[in-house]
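Observations on chain architecture
The chain contents come next:
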Amino acid sequence: IAEIPPADAIVEDTEHFLEHLDVDGNLPLNFAKPQAPATATVLGRAKLITDDAPGDIEHVVLRLPEGFHYVEGQSLSVIPPGTDPKTGRNHKPRLYSIAS
């Protein structure tokens, strides 16, 4: 995981969430499913709280698949690559909140 975006990364202004409502005005849902996950790339991340603070809050910049739209306040399920060293099984999904 990179601490800063790669030199070839293009950081663009964010889009307004209303641009991604469907024709009926609904939020985008279920772009990917556990049986058919989508792949995203971490371009950068920065810790937002001190090491002695409870919890872990980070700003993460992702390159999302074409057509993947979201609205702040939704959640994103992430399945890390590899296996859990304790169980030898694939990692379980982890739920993250999306903020602006």
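Just above sits the structure.
These notes cover the structure that comes with them. (Residues numbered from 1 in each chain as written. Predicted model: local features only at pLDDT ≥ 70, side-chain atom pairs only at ≥ 80, totals over all residues. Heavy atoms only, no water.)

Using the criterion set out here, one finds three salt bridges in the structure. In this structure, Glu58 engages Arg45 in a salt bridge whose closest nitrogen and oxygen atoms are separated by 3.3 Å. Linking Glu58 in strand β2 (residues 58–63) with Arg45 in strand β1 (residues 41–47), this pair joins segments that are 13 residues apart in sequence. Judged by its relative accessible area of 29%, Arg45 falls in the partly exposed class. Where Lys47 meets Asp56, a salt bridge forms, and the shortest distance between an N and an O atom there is 3.5 Å. On the basis of relative accessibility, which here comes to 40%, the residue Lys47 falls in the partly exposed class. (Salt bridge = Lys/Arg side-chain N within 4 Å of Asp/Glu carboxyl O. Helix = DSSP H or I, 4+ residues; strand = E, 2+ residues; numbered from the N terminus. Buried < 20%, exposed > 50% of the residue type's maximum accessible area, 1.4 Å probe, protein only.)

For the rest of this paragraph, the subject is a nonpolar patch on the surface. On the surface, Val42, Val60 and Leu62 cluster together into a nonpolar patch covering about 190 Å² of accessible area. By the element assignment, Val60 lies in strand β2. Judged by relative accessible area, which is 42%, Val60 ranks as partly exposed. (Patch = residues over 30% accessible without salt bridge, like charges linked within 9 Å, V, L, I, M, F, W, Y side chains within 5 Å. Areas by Shrake-Rupley, 256 points an atom, 1.4 Å probe, with all protein chains shown as cover.)

Right, let's talk about the side chain of His91 for a bit. Position of His91 among the secondary structure elements: in the loop between β3 (75–78) and β4 (94–97). A distance of 3.3 Å separates the side chain of His91 from the backbone oxygen of Thr83, its partner in a polar contact. Excluding its chain neighbours within four sequence positions, the residues that come into contact with His91 are Ile79, Pro80, Pro81, Gly82, Thr83 and Asp84. (Polar contact = N/O pair within 3.5 Å; in protein donor to acceptor, adjacent residues only side chain to side chain. Contact = heavy atoms within 4.5 Å.)

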